[in-house]
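# Residue-level structure breakdown
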Amino acid sequence: MVVTVSQIVVLVAGASLCMFAAWGFWAPRKLLLSMEGIMDRAWGIYFAIIVRLVLGLALIFSAPVSRFPRVFLILGGIAIGAGVAAAILGRKRLRSFVNWWLERFSPSSIRVWVVFALGFGGFLIYGMV
């Protein structure tokens, strides 16, 4: 079995998402504070854009060998679109959107969101193995 770089990127993204989701479930406030900290830094938006673009390309390139090729193609397109949208919005608007989002969620509602993130990360891993 040949494993490509794109498959490894998807697996690492899925595992990372599961880890952050588990952390967010147990410590939702710490997860929020770390998100705010990343967005406060000048490199935060670039990091967010690069992660979305790399994941999108990895999903598209690994789609033919995944369990769900069409879903991976669609998710890849959505990730690339999100990266482009973040680049167009710019740091200031993206930061205000993150602040708006963070202000509206309680720790219990964040736990609900991270359960979905855990499921999505698991789905990425399952789709690749």
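Note that the structure is a prediction, hence the values are computed from the model and not measured.

### Observations concerning the packing of aromatic side chains
Under the definition given, this model contains 8 aromatic pairs. Taking 6.0 Å as the distance between ring centres and 40° as the angle between the ring planes, the aromatic pair formed by Phe68 and Tyr126 counts as tilted. Placement of the pair is Phe68 in the loop between α3 (44-62) and α4 (69-103) and Tyr126 in helix α5 (residues 107-128), with a sequence separation of 58 residues. Accessibility expressed as a relative area gives 28% for Phe68, which makes it partly exposed. Taken together, a centroid distance of 5.9 Å and an interplanar angle of 55° make the contact between Phe72 and Phe123 tilted. Separated by 51 residues along the polypeptide, Phe72 in helix α4 and Phe123 in helix α5 bring together distant segments of the chain. The class of Phe72 is buried, set by a relative accessible area of 0%. Site record: aromatic cluster; members linked through ring pairs are Phe68, Phe72, Phe123 and Tyr126. A cation over a ring is seen here: Arg67 above Tyr126, with NZ or CZ 4.1 Å from the ring centre. The ring of Phe25 has Arg111 lying over it, and the distance from NZ or CZ to the ring centre is 5.9 Å.

### Let's talk about the packing of helix α2 (residues 28-40) against α5
Each packed pair of helices is defined by two parameters, the angle between the axes and the distance between the axes. Close contact between α2 and α5 brings their axes to 9 Å; oriented N to C, the two are set at 80°. It follows from the interaxial angle that α2 and α5 lie roughly perpendicular. Contacts between α2 and α5 pair Pro28, Arg29, Leu31 and Leu32 from the former with Pro107, Ile110, Arg111 and Val114 from the latter. When the residues that make up the contact of α2 with α5 are grouped by side-chain class, the tally is 6 nonpolar, no polar and 2 charged.

### A few points about the side chain of Arg95
When you line up the elements, Arg95 lands in helix α4. Other than its neighbours up to four places away in sequence, Arg95 contacts Glu36, Met39 and Asp40.

### Examining the layout of surface pockets
There is about 1,800 Å³ of room inside the largest pocket. Put simply, the parts of the chain that give the lining of the largest pocket at least two residues each are α1 (5-26), α2, α3, α4 and α5. With 11 residues, the top contributor of residues to the lining of the largest pocket is α4. Considering only residue class, the lining of the largest pocket consists of 35 nonpolar, 2 polar and 1 charged.

### Here we look at α1
With 22 residues, α1 should cover 32 Å at 1.5 Å per step; its first-to-last C-alpha distance of 32 Å lies within 8% of that length. Within the sequence span of α1, burial applies to Ser6, Gln7, Val10, Gly14, Cys18, Ala21 and Gly24. For α1, the angular spread of the buried residues around the axis is 130°, confining them to a single face. Exposed residues on α1 whose side chains face more than 90 degrees from its buried face are Val5, Met19 and Trp26. Next to the buried residues of α1 lie α2, α3, α4 and α5.

What counts, and at which threshold
Residues numbered from 1 in each chain as written. Predicted model: local features only at pLDDT ≥ 70, side-chain atom pairs only at ≥ 80, totals over all residues. Heavy atoms only, no water. Phe/Tyr/Trp six-rings, centres within 6.5 Å; stacked < 30°, edge-to-face > 60°. Helix = DSSP H or I, 4+ residues; strand = E, 2+ residues; numbered from the N terminus. Buried < 20%, exposed > 50% of the residue type's maximum accessible area, 1.4 Å probe, protein only. Lys NZ or Arg CZ within 6 Å of the ring centre and 35° of its normal. Axes fitted to C-alpha atoms, helices over the stretch in contact; angles between N-to-C directions. Parallel < 35°, antiparallel > 145°, perpendicular 65-115°, else oblique. Contact = heavy atoms within 4.5 Å. Nonpolar A, V, L, I, M, F, W, Y, C, P; charged D, E, K, R; others polar. 1 Å grid on protein atoms, 1.4 Å probe; cavity = no way out; pocket = protein on both sides within 12 Å on 5 of 7 lines; lining within 4 Å. Points joined across faces, edges and corners; volume = space filled by probe spheres on them. Expected span 1.5 Å × (residues − 1). Arc of directions from axis to C-beta.

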